[in-house]
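The residues making up each chain are set out below.
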Protein chains: 2
Amino acid sequence: MSDGAMTEHLHLVSESRSFGGTQSVFRHASAVCGTEMTFGAYLPPQAALGPVPVLWYLSGLTCTHENAMVKAGLQAHAAKAGIALVFPDTSPRGPGVADDGAYDLGQGAGFYVNATRDPWKPHYQMYDYITRELRGVVEAALPVGEAHGITGHSMGGHGALTLAFRNPGLYRSVSAFAPIVNPTRSDWGRKQLSAYLGEDEADWAVYDACLLLADLGWERDILIDQGADDQFLDLLRPEALAALMAGRRQPGVLRIQAGYDHSYFFVASFGEDHVNWHAERLHAA
Amino acid sequence: MSDGAMTEHLHLVSESRSFGGTQSVFRHASAVCGTEMTFGAYLPPQAALGPVPVLWYLSGLTCTHENAMVKAGLQAHAAKAGIALVFPDTSPRGPGVADDGAYDLGQGAGFYVNATRDPWKPHYQMYDYITRELRGVVEAALPVGEAHGITGHSMGGHGALTLAFRNPGLYRSVSAFAPIVNPTRSDWGRKQLSAYLGEDEADWAVYDACLLLADLGWERDILIDQGADDQFLDLLRPEALAALMAGRRQPGVLRIQAGYDHSYFFVASFGEDHVNWHAERLHAA
């Protein structure tokens, strides 16, 4: 680990050997979120030889940095493919951070936006935190190269798609598991966007994957997996993205997986495909 | 599912598609434990075509049926190998069941013994529960054949080795991850065996893998993985089993894995090897 200014406050919480590589958890003082933040990082065996590409995994509602790290089984595939993984938290946390009793607002539900309304504004800056601050921390502290990809599940799939579409220079590959694709038209979205951004729906558009794709496009391809027996299909609205991708002739693959629900059993079942999808594109970058 | 008497009280708690198969959780009234018990079961895709072999996974201290089911990543390998998995709980549970404030006694710490002392005796009958009652439930309710193997982690590795050594007719293959191998000589063992069985150490011997192997032998081979950086090496005592296996010319493999600790990152890293080890032996049985 380098000892530059970016990492002087990076605290190693835990470290475990995993598939020949290293699964670590770090805590650091986030200037952007105004609180301490925790994240997981997996380095494959190949990282001992030099910088490796990195895949960001954004988690869904109620998750911390830990859920995917211990349940998705991605380390096995990352070790084979020679890419690093980063598992950020889904919101700022702590006693001084605003929260809400509901599972889908406040802590554990940051929606990867920069809040502009109180009481959320002082800490809920997850868009900047992921795209700028944590990226800088990761690049300074870990042996990763310039090739970054991004994926996520549910609310984290929404995060992956919106962060990629708005930042094609930062992310060279994008995929998602059961993403919220059209939050301006869903109860997983309207409630949170109005709370974090206010009632003017024009301000919401930069956080809606369908609106962004229609507006900005995406020059590369996209991989989406969606369980056909997902309990939350009406909130995820995959049909909106499917119609848009088909209408725009957007390169990509949207797979409807028969029998699968919204759980991590679904994510784990297709994790190898996603890791390999990113690895192919990131190693070629 | 058949609807025989064994299964009439089997309640399906959840069901998720996983790697083309099905991960279920069941609850049932246990006569042996005198309380409701919960277990997980994974059926690979091949189970749709006919009975498959089954691998029992016994978990460690503090675990429920759920930990390995969501963290060990074994379903991916079981799906390829065509074997079922069963994830029992580690103790009886519930308001009427005796417990202890410590993490290593009472609920979550059944040690796979039949307790003979109060307050544990009425419910803590995990040896009979696993080898007889739950086996009957599984065989009646699920499309599994007669070939059963057993593995486990830490306290569950102790359970796997002791149940197999005492019941070679029930288990055709055995392996373990970081098992407690000599509990009569360890603080992970003496405390619990004295509580559950009383102070006469002669009664403890049938629950000690090293004493059982010395007494009964094991005609087949054994696979053990042990992390070299395990935090609990002094409690697990792998050197006792290593010396015994070498001294007896016991067929088997004991692997000391450099850098690995006691966590599920260790179990997951070698899960494929264990599933394949059992699958080879169970399919040939």
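Our structure's up above, just so we're on the same page.
Residues numbered from 1 in each chain as written. Chains lettered and ligands numbered in written order. Predicted model: local features only at pLDDT ≥ 70, side-chain atom pairs only at ≥ 80, totals over all residues. Heavy atoms only, no water.

**What about unusual backbone geometry?**
Then step 1. In the segment running from D118(A) into P119(A), the intervening peptide bond is cis, with an omega of 5 degrees.
Then step 2. Its place among the elements puts P119(A) in the loop between strand 5 (84-88) and helix 3 (126-141). (Helix = DSSP H or I, 4+ residues; strand = E, 2+ residues; numbered from the N terminus.)

**Focus: the packing of helix 2 (residues 74-81) of chain A against helix 9 (residues 264-284) of chain A**
Residue and element names in this part refer to chain A.
Then step 1. Their axes nearest at 9 Å, the elements helix 2 and helix 9 cross at an angle of 30 degrees. Taken together, the axes of helix 2 and helix 9 are roughly parallel relative to one another. As for how helix 2 packs across helix 9, the hand of that crossing is right-handed. Between helix 2, through L74, H77, A78 and A81, and helix 9, the contact on the second element is made entirely by G271, E272, V275, N276, A279 and H283. (Axes fitted to C-alpha atoms, helices over the stretch in contact; angles between N-to-C directions. Parallel < 35°, antiparallel > 145°, perpendicular 65-115°, else oblique. Left-handed = near helix turned anticlockwise from the far one by under 90°. Contact = heavy atoms within 4.5 Å.)

**Topic: helix 4 (residues 155-166) of chain B**
Residues and elements named next belong to chain B.
Then step 1. End to end, helix 4 covers 17 Å across 12 residues, agreeing with the expected 16 Å (1.5 Å per residue, within 8%).
Then step 2. In terms of burial, helix 4 is largely enclosed, as 11 of its 12 residues are buried.
Then step 3. Those residues of helix 4 not exposed but buried are M155, G156, G157, H158, G159, A160, L161, T162, L163, A164 and F165. (Expected span 1.5 Å × (residues − 1). Buried < 20%, exposed > 50% of the residue type's maximum accessible area, 1.4 Å probe, protein only.)

**Regarding the packing of aromatic side chains**
Then step 1. For the structure shown, the criterion picks out 26 aromatic pairs over all chains.
Then step 2. Of the aromatic side chains, those joined through ring pairs into one cluster are Y57(A), F87(A), F177(A), Y260(A), F266(A) and F270(A).
Then step 3. Positioned over the ring face of Y207(B) is R166(B), at 5.1 Å from the centre of the ring.
Then step 4. Note that R220(B) overlies the ring of W218(B), its terminal NZ or CZ placed 5.4 Å from the centroid. (Phe/Tyr/Trp six-rings, centres within 6.5 Å; stacked < 30°, edge-to-face > 60°. Lys NZ or Arg CZ within 6 Å of the ring centre and 35° of its normal.)

**Focus: the sheet that holds strand 2 (residues 21-30) of chain A**
Residue and element names in this part refer to chain A.
Then step 1. Taken in spatial order, the nine strands make up an open sheet running 1-2-3-5-4-6-7-8-9, and their pairing is mixed. In this open sheet, the two edge strands, each paired with only one partner strand, are strand 1 (11-18) and strand 9 (252-257). For this sheet, the mean inter-axis angle between neighbouring strands, taken without regard to orientation, is 20 degrees.
Then step 2. As paired elements, strand 1 and strand 2 share seven bridges and run antiparallel to each other. (Pairing = 2+ DSSP bridges.)

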